[in-house]
Structures are given as C-alpha cells and as structure tokens.
Amino acid sequence: MIRGHRVIQALDSPGTLLVGFGGDTPQFSMRQLQRGDRLLFYTDGVVEEHQTGGEQFGEERLITTIERVGPAGGGVQEMMRGLSHSLMRERGGTTTDDAILFLVEWRAGTADHLAGPEL
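Residues numbered from 1 in each chain as written. Predicted model: local features only at pLDDT ≥ 70, side-chain atom pairs only at ≥ 80, totals over all residues. Heavy atoms only, no water.

Enquirer: Would you mind going over the pattern of salt bridges with me for this structure?
Expert: When the charged atoms of two side chains with opposite charge come close together, those side chains can pair. Across all of its chains, the model carries four salt bridges by this definition. In this structure, the salt-bridge partner of Asp37 is Arg3, at a minimum N-O distance of 2.7 Å. With Asp37 in the loop between β2 (6–7) and β3 (38–42) and Arg3 in strand β1 (residues 2–3), this residue pair connects regions lying 34 residues apart in the sequence. Residue classification places Asp37 among the buried residues on the basis of a relative accessible area of 1%. A residue is classified by how much of its surface remains accessible, and Arg3, at 26% relative accessible area, is partly exposed. We note a salt bridge from Glu105 to Arg38, for which the minimum N-O separation is 2.7 Å. Residue Glu105 is found in strand β4 (residues 101–105), and its partner Arg38 is found in strand β3; the two are separated by 67 residues along the sequence. Judged by relative accessible area, Glu105 falls into the partly exposed class, the value being 22%. The exposure class of Arg38 is buried, given its relative accessible area of 7%. (Salt bridge = Lys/Arg side-chain N within 4 Å of Asp/Glu carboxyl O. Helix = DSSP H or I, 4+ residues; strand = E, 2+ residues; numbered from the N terminus. Buried < 20%, exposed > 50% of the residue type's maximum accessible area, 1.4 Å probe, protein only.)

Listed below in structure tokens is the structure:
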C-alpha cells in the first residue's frame, strides 16, 4: 500500500487457487483506505527476476524503486510508466519471467455514478 509516495504496508492475506483451478472459498481481508492511497499488485516474476547467477530483484529493491519513482510519477499512468521503465533499467532491459504490475488508486466516495440506468 502506497500513501503519499511511500510504501507504508504490505497487504498480506491468505490466498487460494483460482476457482477454475480447484480453488476453495475466496479469503477476504479488509483495510481502511484514505483518498489517494495506491495499491500495487504484482506477479512473483517482478521480485524473483535475477541475472544468471545473480541475486533476485527482491521486495526491498521494489520498495526502493517505488519510493524513488513515486514523487516524480504524478498520476497513476505516469507512476506506472516510470516504475516500469525503472524496473527494466534495473534488469538491464530484459526480463525472463512474468513481470506484471497493476496499480489502483483509491479516490473515495461511492461508485454509484458508474452504474447504468435502471431498465
């Protein structure tokens, strides 16, 4: 969880396999978010990536990269672009594993305006 361009907490919670792959009843966790909080979801390939014979990229380096890019990032799209480019530079321009990033920003309020008209 990112607040004010700083990683403030890892959101660890129990997980299950996807329903179509034999998953059990989904597990839910709740967190109180503030307006502007961002949640970064990523695949294991982001932190497990490594050069041949080298150490893994790791969560600490990911956090350092997020906090370096965050203040210059501005909006969600700009932050993701900066984060993606920075991670590719850190890896020498290549990746050998799935490396997917998904960033969500909480804007607060309700999503009623997204609902279509009742028929």
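Enquirer: It is not clear to me how a negative patch on the surface should be interpreted in this structure. Could you clarify?
Expert: Together, Asp44, Glu48, Asp97 and Asp98 make up a negatively charged patch on the protein surface. Positionally, Asp98 belongs in the loop between α3 (76–90) and β4. (Patch = residues over 30% accessible without salt bridge, like charges linked within 9 Å, V, L, I, M, F, W, Y side chains within 5 Å. Areas by Shrake-Rupley, 256 points an atom, 1.4 Å probe, with all protein chains shown as cover. Lys, Arg positive; Asp, Glu negative; His and termini not counted. Charge placed at Lys NZ, Arg CZ, Asp CG, Glu CD.)

Enquirer: What exactly am I supposed to notice about α3 here?
Expert: Note that an α-helix has 3.6 residues per turn; residues three or four places apart therefore point the same way. Its 15 residues place the ends of α3 21 Å apart at the C-alpha level, agreeing with the 21 Å of an ideal helix rising 1.5 Å per residue. Among the residues of α3, those classed as buried are Met79, Met80, Leu83, Ser86 and Leu87. Taken around the axis of α3, the buried residues stretch over an arc of 135 degrees, which confines them to a single face. Away from its buried face by more than 90 degrees, α3 exposes Gln77 and Arg89. A positive phi of about 70 degrees marks Gly92, the residue just after α3. (Expected span 1.5 Å × (residues − 1). Arc of directions from axis to C-beta.)

Enquirer: I keep staring at the nonpolar core and nothing clicks. Help me out?
Expert: Judged by nonpolar contacts, the single largest core of 14 residues is most densely connected at Leu40, Leu62, Ile66, Leu83, Leu87 and Leu101. For this core, the elements supplying multiple residues, two or more each, are α1 (44–48), α2 (58–73), α3 and β4. With four residues, α3 is the largest single contributor of residues to this core. Not counting residues within four places of it along the chain, the set of residues in contact with Leu101 comprises Leu40, Phe41, Tyr42, Val46, Met80, Leu83 and Leu87. (Core = buried A, V, L, I, M, F, W, Y, C linked by side-chain atoms within 4.5 Å. Contact = heavy atoms within 4.5 Å.)

Enquirer: Can you help me understand the environment of Leu33 in this one?
Expert: Positionally, Leu33 belongs in the loop between β2 and β3. Judged by its relative accessible area of 22%, Leu33 is partly exposed. In the structure, Leu33 is positioned 74 residues away from Arg107 in sequence and 9.3 Å away in space, judged by C-alpha atoms. Ignoring anything within four residues of it in the chain, the contact list for Leu33 reads Met1, Leu39 and Trp106.

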